[in-house]
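Spelled out, the chains give:
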Number of protein chains: 2
Amino acid sequence: MRGHRSEANVSGKLFGNGERRRAEDRRVRRTRRLLREALVALILEKGYDKVTVQDVLDRADLGRATFYAHFRDKDDLLVSGFEELQESLREHLARVARPSRADVDPSGGGIGLAGALFDHAGQQRRLYRVLMGRRGGAAVFKHARGQFTVLVREHLEEAVANRQAAPPVPLEVTVQYVVSAFLGLLTWWLDSDPPYTGEQMGRMFEQLVIPGVRAGLGPRL
Amino acid sequence: MRGHRSEANVSGKLFGNGERRRAEDRRVRRTRRLLREALVALILEKGYDKVTVQDVLDRADLGRATFYAHFRDKDDLLVSGFEELQESLREHLARVARPSRADVDPSGGGIGLAGALFDHAGQQRRLYRVLMGRRGGAAVFKHARGQFTVLVREHLEEAVANRQAAPPVPLEVTVQYVVSAFLGLLTWWLDSDPPYTGEQMGRMFEQLVIPGVRAGLGPRL
DNA sequence: GTAAAAGCGAACAGACTGTTCGGAAATTCT
DNA sequence: AGAATTTCCGAACAGTCTGTTCGCTTTTAC
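Below: a short report on this structure. Here the structure is a predicted model, which is why all the values come from computation and not from measurement. (Residues numbered from 1 in each chain as written. Chains lettered and ligands numbered in written order. Predicted model: local features only at pLDDT ≥ 70, side-chain atom pairs only at ≥ 80, totals over all residues. Heavy atoms only, no water.)

### Observations concerning the pattern of salt bridges
All names here are of chain A. Keep this limit in mind: Criterion for a salt bridge: a side-chain nitrogen of Lys or Arg within 4 Å of a carboxyl oxygen of Asp or Glu. By the criteria applied, helices consist of DSSP H or I runs no shorter than four residues and strands consist of E runs no shorter than two, each listed in order from the N terminus.
In total, this model carries 19 salt bridges over all chains according to the counting rule given. Taking the shortest distance from any N to any O, the salt bridge between E172 and R153 comes out at 2.9 Å. Of this pair, E172 sits in helix α8 (residues 171-192) while R153 sits in helix α7 (residues 138-159), placing them 19 residues apart in sequence.

Encoded structure:
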């Protein structure tokens, strides 16, 4: 019952004995799992804002002190779920997505980056809905948006790296455009549950957004 | 001290005596103005979520009971500011925007719809930041998004009214795309304060988004 | 000037937060 | 299996915020 999540795994890659990625005390795993499950269920029922720590406690059937032994507050608990998802996404992308610049130049072998993301979201729909949907917590959404913005910015910077003229639209504006369009379509898809597959959403996203990106970045060299 | 805002102005277009839009009790005006000003200032300082009714009361220097005589809760107060802004926007649009379909066919006399919106936001920057920016309240943002979605949907439905073939991308997807891109650029512009005028932002928005809309709606007839 | 409306301020019950404690229970290590 | 450690429990706590009530005072409209 030492500290909070922030302290966990400080040791990095070194572990005490033979077993890699040493499992924590079973009670700890159990408690955290129960808390996360309770939170997710409650968010889907009432929306993040209306869920209190008290609700989570009651649902998970755990003591108050126990919660604060593991998480600083409600946000902290939600973020822990987000980090888990991030790991899963990383693996998914490595498996299905085309190597690079997929969102600017959709001609490679795998599906595009956007498609891969929609795909992953479709598989983990429940969790995505909680983290990214309208019922979810704004804090995590902002966090995710930030990460995603960095990703897109890198892609587009690479795309205009060796041009001479400045693009017709400032790069940052185009970045914001892409991110907004993507997240907007994603959350709409998650929340209103239309009959399109993740792959279809990815294709539609590309049809809509890529022409604008081309226009924003300027003539290809 | 009867009821809340919801009851106000029920009479619609009929007023008791000669004066149109009869002014309310001066104390009422004063109180509401003080509350709104306090809320706006506090949101810009701390962000909507962290502002409590108590804060607003202290800042406005009003009694607790007085607040609840006018507004149901914090959200209600914020929404009242939103409605005020909406009125102002309506007038602004009537004055500067091109008549219709401005976002699909940017060739008319005035500036485009998007440009007009950016323009208005630039003039009322402070209030817009509070209502639409990241520090603002999610509830109002959702509300605004809803209204704006209806507007865009109508425009696009009109644009595809007499086609025979279905568009390559379902209309609703295109609608969500346009709304997301617009609101994304708007909030970014409001929050991070880049050196572009509202008119410039409107033009950039059109450069980025219109190609996608054309692709999404399909070949023009 | 009078009557009606609005503001005041104090007090209230209810909910939630985040922290503390010692004792009870589970788990790990040997 | 037994000892040492870690975690959980549960109750209680001070503190904050909400939304409502009440009788009294002030301001306003007519």
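### Topic: the packing of aromatic side chains
Residue and element names in this part refer to chain A. Our working definition: For this analysis, a ring pair means two rings from Phe, Tyr or Trp (six-membered ring only for Trp) whose centres lie within 6.5 Å, classed as stacked if their planes differ by under 30 degrees, edge-to-face if by over 60, and tilted for the remaining angles. The buried label goes to any residue with under 20% of its type's maximum accessible area, the exposed label to any with over 50%, and the partly exposed label to all in between, with areas taken from a 1.4 Å probe on protein chains only.
Throughout the structure, instances matching the rule amount to 13 aromatic pairs over all chains. Measuring from ring centre to ring centre gives 5.0 Å for F67 and Y68, while their planes differ by 75 degrees; the resulting arrangement is edge-to-face. Here Y68 falls in the partly exposed class, since its relative accessible area comes to 36%. Between the aromatic rings of F67 and F71, the centroid separation amounts to 6.1 Å while the plane-to-plane angle is 50 degrees, which identifies the pairing as tilted.

### Here we look at the relation of the copies chain A and chain B
To be explicit about the condition: Alignment of copies: least-squares fit on C-alpha atoms of residues with pLDDT of at least 70 in both copies. Any two residues having at least one pair of non-hydrogen atoms within 4.5 Å are treated as being in contact.
With an axial shift of 0.0 Å and an RMSD of 0.1 Å, the rotation relating chain A to chain B amounts to 180 degrees. Such values leave the two copies arranged in the relation of a two-fold axis. Identified as the residue of chain A closest to the rotation axis by C-alpha distance is A181(A), at 2.5 Å. The residues that chain A uses at the interface reappear at the interface of chain B in 100% of cases, marking a shared surface.

### A word on helix α1 (residues 26-46) of chain B
All names here are of chain B. Put simply, the rule reads: Expected span of a helix: the number of residues minus one, times 1.5 Å. Pairing of N or O atoms within 3.5 Å defines a polar contact, subject to two protein rules: one partner must be a possible hydrogen donor and the other a possible acceptor, and residues neighboring in sequence count only if both atoms are side-chain atoms.
With 21 residues, α1 should cover 30 Å at 1.5 Å per step; its first-to-last C-alpha distance of 30 Å lies within 8% of that length. Among all positions in α1, only T31, R32, L34, L35, A38, L39, V40, A41, L42 and I43 are buried. For α1, the capping residue at the N-terminal end is D25, with a side-chain oxygen 2.9 Å from the backbone nitrogen of R27. Following α1 by one or two positions, G47 has its phi on the positive side, about 90 degrees.

### Some words on the interface of chain A and chain B
We count it as follows: As used here, buried area is the combined drop in accessible area, with a 1.4 Å probe, of two parts when they are placed together. Each residue is assigned to one class: nonpolar for Ala, Val, Leu, Ile, Met, Phe, Trp, Tyr, Cys and Pro, charged for Asp, Glu, Lys and Arg, and polar for all the others, Gly among them.
Facing the 25 residues of chain A at the interface are 25 residues of chain B. Taken together, both faces of the contact between chain A and chain B bury some 2,300 Å²; the carbon and sulfur share is 73%. Counting across the interface, chain A meets chain B through zero salt bridges. Residue assignment for the side of chain A that touches chain B shows that the elements contributing at least two residues are α7, α8 and α9 (198-217) of chain A. For the side of chain A that touches chain B, the element with the most residues is α8(A), which contributes ten residues. Partitioned by chemical class, the residues of the side of chain A that touches chain B number 14 nonpolar, seven polar and four charged.

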